[in-house]
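Understanding the architecture of this molecule
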Amino acid sequence: MSTNFRTLDLNLLRVFDEVMAERSLTRAARNLSLTQPAVSNALRRLRETLGDELVRRQGHGIEPTARALVLWPSVREALRQLQSAIVPTTFEPSEAKSTFVLAMADATAAELIGGLSEQMEKQAPGVSVRVVPLTTRDPRKLLQEGMADIALGYFPAVLTDLTARAQSDQVVSFEHQRLYAGEYVCVMRRDHPLAKQAMTLDSYCSAKHLLVSFSGRPYGFVDESLASLGRKRRIVLTVNQFFTAGRVVVNSDLLTVLPRHFVPTTGLSDAFQLHDLPFEVPPVHVEALWYSRMHHDSAHRWLRATLLGVAQQAFAGVPLNPAS
């Protein structure tokens with residue numbers, strides 16, 4: 001079925017964008033100041049024009065079709081550009097009522113969210129932030145689909161890919177900024193059989209381990225470092241939160257690896273024994289990653305600058321990239 005763009009009602013795309021963002025016809029109607037039947041009718045007209053169902057009901061919400069997921073980023077970007085051209089906006093933190101979504105692990109949240117909350121109270125009391133779990137080391141799809149404004153974490157493979165794309169003159173659709181450098185340490189309970197011994201590569205590999213994996217994949221950067229030495233460890237338990245790992249380790253003979261700066265926030269420091277890892281691991285740089293279409297958005301710029309300021313205060317003396 002062919003689509004005649006010249007006769008397409010662009011208001012239908014505004015409805016589509018809001019429905020995709022909210023995953024709810026009721027919330028989309030409220031945000032657009034329309035009735036729910038009006039939103040349903042707009043979707044029906046767009047379905048007929050595009051020849052695709054676009055969304056299906058699922059439980060109390062809706063589920064987009066594959067075509068809708070492909071179409072939405074382009075529609076959202078086009079609407080943003082059109083709005084910016086017609087009605088340029090300047091973000092005023094003290095007057096703003098914006099909501100931002102940040103994807104991050106609990107260790108990152110423990111370091112940054114307290115400071116971010118303080119800055120919001122001082123600068124932007126009407127702004128809200130939702131923190132969602134980071135479930136992958138490659139959050140680009142999450143950002144591209146508008147499910148998060150910024151992802152914060154350790155993304156070495158993503159940064160390598162972005163650098164390679166830039167060097168080969170390909171389009172790079174994401175921006176990043178380093179927030180702080182972290183160091184990982186081996187953590188065990190204080191009365192663990194290995195607690196009072198010097199940690200060696202052999203003793204580390206022969207122990208039983210707990211892995212923190214956001215995706216559930218039982219293999220991490222520590223295992224990559226061990227593999228480069230021709231060694232491996234036995235992972236008997238995988239969890240998706242650093243705090244959970246600390247609670248398990250303090251009551252077991254498992255070893256885990258935690259960010260050194262995160263250990264005090266667990267409230268269990270007195271029950272832990274820390275050891276440096278007995279092998280080289282790559283430096284762990286926590287980055288803010290975002291979709292390029294948001295780079296010049298004034299609200300997004302404020303959020304990035306505020307996060308960088310919070311990180312600088314929390315990690316005084318840690319070299320950081322200049323603010324973007």
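Going by the structure above, here's the rest.
This text gives an overview of the structure that appears in the document. Quick caveat, the model's predicted, so the values are computed rather than measured. (Residues numbered from 1 in each chain as written. Predicted model: local features only at pLDDT ≥ 70, side-chain atom pairs only at ≥ 80, totals over all residues. Heavy atoms only, no water.)

For the rest of this paragraph, the subject is the pairing of strand 4 (residues 128-133). Both strand 3 (residues 99-104) and strand 4 contribute to a ladder of 6 bridges, which runs parallel. Counterpart to Ala103 in the pairing with strand 4 is Val132. Each parallel crossover has a hand, and for strand 3 linked through helix 5 (residues 106-123) to strand 4 it is right-handed. (Pairing = 2+ DSSP bridges. Helix = DSSP H or I, 4+ residues; strand = E, 2+ residues; numbered from the N terminus. Right-handed = clockwise from strand over helix to strand, strands pointing away.)

A few words on the packing of helix 1 (residues 10-22) against helix 2 (residues 25-32). Following both chains from N to C, one finds helix 1 and helix 2 inclined at 130 degrees, their axes separated by 8 Å at the closest point. Considering their axes alone, helix 1 and helix 2 lie oblique with respect to each other. Like other packed secondary-structure pairs, helix 1 and helix 2 cross with a definite hand, here right-handed. Contact with helix 1, carried on its side by Arg14, Val15, Glu18, Val19 and Glu22, involves Leu25, Arg27, Ala28, Asn31 and Leu32 of helix 2 and no other residues of that element. Its residues assigned to classes, the contact of helix 1 with helix 2 comprises 5 nonpolar, 1 polar and 4 charged. (Axes fitted to C-alpha atoms, helices over the stretch in contact; angles between N-to-C directions. Parallel < 35°, antiparallel > 145°, perpendicular 65-115°, else oblique. Left-handed = near helix turned anticlockwise from the far one by under 90°. Contact = heavy atoms within 4.5 Å. Nonpolar A, V, L, I, M, F, W, Y, C, P; charged D, E, K, R; others polar.)

Looking now at the packing of helix 2 against helix 3 (residues 36-50). Viewed as axis vectors pointing N to C, helix 2 and helix 3 meet at an angle of 105 degrees, and their least axial separation amounts to 8 Å. Regarding the angle of helix 2 to helix 3, the classification is roughly perpendicular. In this structure, helix 2 contributes Leu25, Thr26 and Ala29 to the contact, and helix 3 contributes Gln36, Val39, Ser40 and Leu43. Looking at the contact of helix 2 with helix 3 residue by residue, the class counts come to 4 nonpolar, 3 polar and no charged.

What follows covers the pattern of salt bridges. Tallied over the entire structure, the rule returns 16 salt bridges. Salt-bridge contacts for Arg76 lead to Asp17; the nearest nitrogen and oxygen are separated by 2.8 Å. Remark: Asp17 occurs in helix 1 and Arg76 occurs in helix 4 (residues 66-86); sequence separation between them is 59 residues. In this structure Asp17 comes out as buried when scored by relative accessible area, which is 11%. One salt bridge in this structure joins Lys141 and Glu145, with 2.7 Å as the shortest N-O distance. (Salt bridge = Lys/Arg side-chain N within 4 Å of Asp/Glu carboxyl O. Buried < 20%, exposed > 50% of the residue type's maximum accessible area, 1.4 Å probe, protein only.)

Here we take up the pairing of strand 3. Most of strand 3 is tucked away, with 5 of its 6 residues classed as buried. Relative to strand 5 (residues 150-153), strand 3 is paired through 3 bridges, and the arrangement is parallel. By the bridge assignment, Leu102 is partnered in strand 5 with Ile150.

Before going further, it helps to examine the nonpolar core. Tyr204, Phe242 and Leu255 are the most contacted members of the largest nonpolar core, which totals 50 residues. Among the elements that make up this core, the one with the highest residue count is strand 7 (residues 184-189) (5 residues). Leaving out residues up to four positions away in the same chain, Leu255 has contacts with Cys186, Val187, Met188, His192, Leu194, Met199, Tyr204, Ala207, Lys208, His209, Leu210 and Val249. Counting residues in hydrophobic clusters, the runner-up holds 26 residues, among them Phe91, Ile150, Trp302 and Ala311. (Core = buried A, V, L, I, M, F, W, Y, C linked by side-chain atoms within 4.5 Å.)

What follows deals with the side chain of Asp149. Inspection of the secondary structure puts Asp149 in the loop between helix 6 (140-144) and strand 5. A polar contact of 2.7 Å, which involves the side chain of Asp149, links it to the backbone nitrogen of Val101. Here Asp149 is in contact with Thr99, Phe100, Val101, Leu143, Leu289, Trp290 and His300, once residues within four sequence places are set aside. (Polar contact = N/O pair within 3.5 Å; in protein donor to acceptor, adjacent residues only side chain to side chain.)

Looking now at the sheet that holds strand 7. Hydrogen bonds between backbone groups are what pair the strands of a sheet, and the pairing can be parallel or antiparallel. Ordered by their spatial adjacency, 3 strands build an open sheet running 10-7-11, and the pairing between neighbours is antiparallel. Two strands close off the open sheet at either side, each with one partner strand: strand 10 (256-259) and strand 11 (272-275). Strand-to-strand twist in this sheet, taken as the mean axis angle between neighbours without regard to direction, amounts to 45 degrees. As paired elements, strand 7 and strand 10 share 4 bridges and run antiparallel to each other. Paired with Val187 across the two strands is Thr256, which belongs to strand 10. The sheet contacts of helix 10 (residues 242-249) involve strand 7, strand 10 and strand 11, and relative to strand 10 the element is tilted by about 135 degrees.

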